[in-house]
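What follows is each chain in one-letter form.
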Amino acid sequence: MIRERWSRRELLAAGAAVAAVGLSRPAWGQLRVDITRGRVEPMPIAVSPFAGDRPSEVELGRRIAEVVAADLDGSGWFRTIDPRAYIQSPDELRTVPRFAEWQQIGAQALISGVVRGEGADGMAVEFRLWDVFAGSQMIGLRLVLARDIWRRAAHRIADAVYERLTGESGYFDTRIAYIAETGPPGQRIKRLAIMDQDGYDNRYLTDGSELVLTPRFTPDGRGLAYLAYRGLVPGIYLRDLETGRDRPLGRFAGMNFAPRFAPDGNSLLLTIAVGGNSDIYEYEPARDRLVRLTDHPAIDTSPSYAPDGQRIVFNSNRGGSPQLYVMDRDGGNVRRISFGDGLYGSPVWSPRGDVIAFTKIRGGFFHIGVMRPDGGEERLLTRSFLDEAPSFAPNGRLILFHRQDPLNDRIRLMTIDLTGYRLRELPTATDASDPDWSPLIP
Amino acid sequence: MRRAWALSLLLHGALLALVLGRTPAPLPPPDPPLVVEVDLAAPPEPEETAAPERAETAPLPERVPAAPPPEPKPAPLPDAPAETDRPDPPEPQPEEATAEPQAEPEESAPAPAPAPPPEPSPATPPEPAVRELADAAPAESPRIRPPRPRPARLAQARARTPPVPRPRPARLAQSPPSQPDAKGDGPPLERADVTSPDPLDALLRSVEQVDRRLRDQERQQGRGERAEGRPEEGADAPAEADAGAVSLAELQRMVEEQVYRCWILPVGARGVRGLNVLVRFSVAPDGTVRRAEVVDRERLARDPLFRIVAESAIRAVRRCSPLQLPKERYAQWRAIEMNFDLEKALSG
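Residues numbered from 1 in each chain as written. Chains lettered and ligands numbered in written order. Predicted model: local features only at pLDDT ≥ 70, side-chain atom pairs only at ≥ 80, totals over all residues. Heavy atoms only, no water.

A. Region of the structure containing the overall build of chain B. For chain B, the count of helices and strands is 16 helices and four strands. Within chain B, buried positions represent 51% of all 348 residues. Taking the contacts inside chain B whose residues are at least 6 apart along the sequence as the reference set, 79% of them involve residues at least 24 apart. (Helix = DSSP H or I, 4+ residues; strand = E, 2+ residues; numbered from the N terminus. Buried < 20%, exposed > 50% of the residue type's maximum accessible area, 1.4 Å probe, protein only. Contact = heavy atoms within 4.5 Å.)

Here is the structure:
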């Protein structure tokens, strides 16, 4: 997508041109200005409905553009401009746009595209991203896919645009697993559910006849591990998302919570309580190998691997109150990283490795916060009656969590971005808790 | 025999029921045949055969706009010849369109957007599309609700606030302008590393820091309005007044004042911190920015993040074009070198 290699000759030519310019003009830098401020605001972007030859294609083109726009808007980094302001039609945008017209409506970037049916149920989607002020094409891509998964094409397009304009990888072509909760308090029915990142295509993976908890995607996104009570002993099951089949990963004497995968997908971190004392274990299903990592009379729980798999962050009250600790993967070198007042829990390491997200309880409020893995630069991003269960988007820029409303007891899914400015609700049909964000869908 | 068969049937049935019961809603394969095919070149643009790399590397095509900015006609082709050659009501011949590589419209002369002087985003719909959650838990929300960026409002607020020559107040103005008084009675502030060495983090929000910032901002704004009087006028005046009165420093300030308002800081990526981009512009006598050239072309070609910052810088200047500068001093500003200092912009 990005071709920027300069041949030697071109470099020389460019150098010569610069030199020539230098000679023929007054020296550069006659006026030199430092620009040391700017604005933090979303980039205005126009997303034209995609063109098509047949009515069905036109309709699909309109819907794809809507999904792309919703994704970009939802990221907080972009502000899509109302299509009613667009002067050029989708058909006119099959060629190079008239940039001046897009500048007039304030667009800094423009997305155009064409949808073509291919065969009985296939389609090809071509799209282009334009830099309106430079008057140049920034991306041109063609996707071929089955017509019924057109939403994924839209998410992929949004991912490509997001990546090209922000420099971060996208996160739109992803899913979210969560626990769907229904029924009155005390008789809650909990089902494992999964949906697209934008809330579409919601499905229930269990029927509610058993208690299910803590869904976690496998690192390749193809499976979902969760905890289920089938009988009295809870077990960890792995749902294959392609076949729909369940496979038990293991049952353990004593309670266990929150399985979490190692980045390589070969092992899981578990918390197992024996005689009322919780400790952290690493379990390797392929070899049925269980290794105890902590051995402390205090409660150790909620472990999460660093993305390189070499360290583990967890929660322990060994210092007198629940705080965050980091240890090496073999359980050695334990050190406390949280020192603020208040109680800490539910740590999860960002897939980018730069921060650890956590829940903090202080002064009657719950917060979702982040800190560096060494404990520095703690920042609290949210505050409410009850915020819990943080989980990162695959690009590490957003955190998904659930929030309980004290007035009506509703539990909703929310996202907050790492800058702390963009809090959004992710609407779900039922109450929703314990969310987990998938990696990018392969 | 018959019994065995019946038993087998029964057991299989049970097994089937079990399996089905377990998996109420099997998902379709998560990775359907989604094929990303080749990159597309830009649509036809016959005469432009310049190195295609330029389209990517030099985000800045040379623009030679007609001196009098043509008024925005919605009619097709108010632009340069480059565009006239194109089949504008395009006959469905897209295969060709996509096949033919071309560079960006070198001379497309998109007519220096007639309107966008310093005031940014005037034409955009007032409704900020950053759709935020309506509110958090009703009880606590007034205090808890994270202040929204509200770009449009912010822009206006900033515009109204007299631009103070020093960057500090500007950075404060960047912090979210939400109901500061509603926050005053929040729980006591918490320890937080305000002295972060990381400039980006200085910009990030921490719920307790926001309270403080908002108060600072309030104070600054209040003071700014009173103390600064009307520096805006002071700054603009020389444009029409005696040229001799404008010092180099003032010229610099006038450029900076205009450009920073158009610069949307590319803070989406973590890696952009500390990036500085030096760009040279040539400016027409009417203030139209004609040409931009990133000084470090080598880095532009290999470093995507650097490119993102460079593009944002050039976009900013284009958006601010034409620059409003004293005509008598044209010799001094026909070529301007701007150093976009993201590090400072982020740390204030």
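Now that the structure has been shown, the text picks up again.
B. Molecular detail of the environment of A:Pro303. Residue and element names in this part refer to chain A. Within the secondary structure layout, proline 303 lies in strand E19 (residues 300-305). Here proline 303 falls in the buried class, since its relative accessible area comes to 1%. The spatial distance from the C-alpha of proline 303 to the C-alpha of proline 347 is 7.2 Å, given a sequence separation of 44 residues. Each residue touching proline 303, except ones within four places of it in the same chain, is listed here: Arg260, Leu269, Leu270, Thr271, Ile280, Ile312, Val313 and Phe314.

C. Fine view of the pattern of salt bridges. Residues and elements named next belong to chain A. Scanning the model with the defined rule gives 48 salt bridges over all chains in all. In this structure, arginine 292 engages aspartate 279 in a salt bridge whose closest nitrogen and oxygen atoms are separated by 2.6 Å. Here arginine 292, found in strand E18 (residues 289-292), pairs with aspartate 279, found in strand E17 (residues 277-284); they are 13 residues apart in sequence, far enough to count as distant. Close ionic contact of aspartate 328 with arginine 335 constitutes a salt bridge, the shortest N to O distance being 3.7 Å. (Salt bridge = Lys/Arg side-chain N within 4 Å of Asp/Glu carboxyl O.)

D. Region of the structure containing the packing of aromatic side chains. This structure, assessed with the given rule, holds twelve aromatic pairs over all chains. With 5.6 Å between their ring centres and 85° between their planes, A:Tyr162 and A:Tyr171 make a pair best called edge-to-face. Across the pair, A:Tyr171 and A:Tyr162 agree in class, each one buried. Aromatic side chains B:Tyr330 and B:Trp333 sit 4.9 Å apart centroid to centroid with 80° between the ring planes, which places their arrangement in the edge-to-face category. Linking B:Tyr330 with B:Trp333, this pair stays in helix H15 (residues 330-333), spanning three residues, or about one helical turn. A single burial state applies to B:Tyr330 and to B:Trp333, both of which are buried. Members of the aromatic cluster, joined through ring pairs, are A:Phe78, A:Tyr162, A:Tyr171, A:Phe172 and A:Trp437. Above the ring of A:Phe365, the side-chain terminus of A:Arg383 is found at 5.7 Å from the ring centroid. The ring of A:Trp77 is capped by A:Arg422, whose NZ or CZ atom sits 4.2 Å from the centre of that ring. (Phe/Tyr/Trp six-rings, centres within 6.5 Å; stacked < 30°, edge-to-face > 60°. Lys NZ or Arg CZ within 6 Å of the ring centre and 35° of its normal.)

E. Representation of the sheet that holds strand E9 (residues 189-196) of chain A. Residues and elements named next belong to chain A. Spatial ordering of the open sheet is given by E10-E9-E8-E31, a layout of four strands whose pairing is antiparallel. With one partner strand each, in any of the chains shown, strand E10 (203-204) and strand E31 (431-437) form the two edges of the open sheet. Relative to E9, strand E8 (residues 175-182) runs antiparallel, the two being bridged by eight bridges. When the bridges of E9 are listed, glutamate 181 appears paired with lysine 190. (Pairing = 2+ DSSP bridges.)

F. Expanded view of the sheet that holds strand E1 (residues 31-35) of chain A. The strand order E1(A)-E4(B)-E2(B)-E3(B) describes an open sheet built from four strands, whose pairing is mixed. A single partner strand is all that each edge strand has here, and the edge strands are E1 of chain A together with strand E3 (289-294) of chain B. Direction aside, the axes of adjacent strands within the sheet are offset by 25° on average. Note: E1(A) against strand E4 (residues 335-341) of chain B, five bridges, orientation parallel. Considered in E4(B), the bridge of A:Val33 is made with B:Met338. (Axes fitted to C-alpha atoms, helices over the stretch in contact; angles between N-to-C directions.)

G. Region of the structure containing the environment of B:Asp286. Residues and elements named next belong to chain B. You can see aspartate 286 is positioned in the loop between strand E2 (276-283) and E3. We classify aspartate 286 as partly exposed; its relative accessible area is 30%. Separated by 48 residues in the primary sequence, aspartate 286 and arginine 334 place their C-alpha atoms 9.9 Å from one another.

H. Representation of the state of the cysteines within the structure. All names here are of chain B. Scanning the model with the defined rule gives one disulfide over all chains in all. Here cysteine 262 pairs with cysteine 320 through a disulfide, and the sulfurs are 2.0 Å apart. Its S-S torsion of approximately 100° makes the covalent link between cysteine 262 and cysteine 320 right-handed. Within this pair, whereas cysteine 262 is found in helix H12 (residues 248-262), its partner cysteine 320 is found in helix H14 (residues 304-320), the two being separated by 58 residues in sequence. (Disulfide = S-S within 2.5 Å.)

I. Structural context of the side chain of A:Arg403. By the element assignment, A:Arg403 lies in strand E28 (residues 398-404). Only 3.3 Å separates the side chain of A:Arg403 from the side chain of A:Ser384, close enough to count as a polar contact. (Polar contact = N/O pair within 3.5 Å; in protein donor to acceptor, adjacent residues only side chain to side chain.)

J. Structural view of H14(B). With 17 residues, H14(B) should reach 24 Å at 1.5 Å per residue; the first-to-last C-alpha distance of 24 Å fits that figure. For H14(B), the capping residue at the N-terminal end is B:Asp303, with a side-chain oxygen 3.0 Å from the backbone nitrogen of B:Leu305. (Expected span 1.5 Å × (residues − 1).)

K. Fine view of the confidence of the model for chain B. Averaged over all residues, the pLDDT of chain B equals 54, while 28% of them reach at least 70. Below a pLDDT of 50 lies the segment residues 46-202 of chain B, which in the model reaches 355 contacts outside its immediate sequence neighbourhood of four places, other chains included. (pLDDT = per-residue confidence, 0-100.)

L. Spotlight on the nonpolar core. Ranked by size, the top nonpolar core spans 90 residues in total, and within it A:Ile64, A:Leu72, A:Ile111, B:Ile336, B:Met338 and B:Phe340 carry the most contacts. Looking at which element gives the most residues to this core, the answer is helix H4 (residues 150-166) of chain A, with nine residues. Not counting residues within four places of it along the chain, the set of residues in contact with A:Leu72 comprises A:Ile45, A:Val47, A:Trp77, A:Phe78, A:Ile111, A:Ala158, A:Val161, A:Tyr162 and A:Phe172. Among the nonpolar cores identified, the runner-up in size contains 14 residues, and A:Leu213, A:Leu249, A:Phe261 and A:Tyr283 belong to it. (Core = buried A, V, L, I, M, F, W, Y, C linked by side-chain atoms within 4.5 Å.)

M. Main features of the environment of B:Val279. Residues and elements named next belong to chain B. Note on placement: valine 279 falls in strand E2. Overall, the relative accessible area of 0% leaves valine 279 in the buried class. Between the alpha carbons of valine 279 and phenylalanine 340 there is a distance of 7.8 Å; along the sequence they are 61 residues apart. Residue contacts for valine 279: discarding those within four places in its chain leaves Ala292, Glu293, Val294, Ala313, Ile314, Ile336, Glu337, Met338 and Phe340.

N. Local environment of the pairing of E17(A). Residue and element names in this part refer to chain A. Here E17 lies mainly inside the structure; eight of its eight residues are buried. Side chains Asn277, Asp279, Tyr281 and Tyr283 project from E17 onto one buried face, and the interleaved Ser278, Ile280, Glu282 and Glu284 project onto a second face that is buried too. By the bridge criterion, seven bridges tie strand E16 (residues 268-274) to E17 in an arrangement that is antiparallel. Residue pairing for E17: leucine 270 is matched across the bridge by tyrosine 281. Once E16 ends, the chain turns through two residues before running back antiparallel as E17, passing glycine 275 with a positive phi of about 60°. Sheet topology places E17 next to E18; four bridges connect them, and they run antiparallel.

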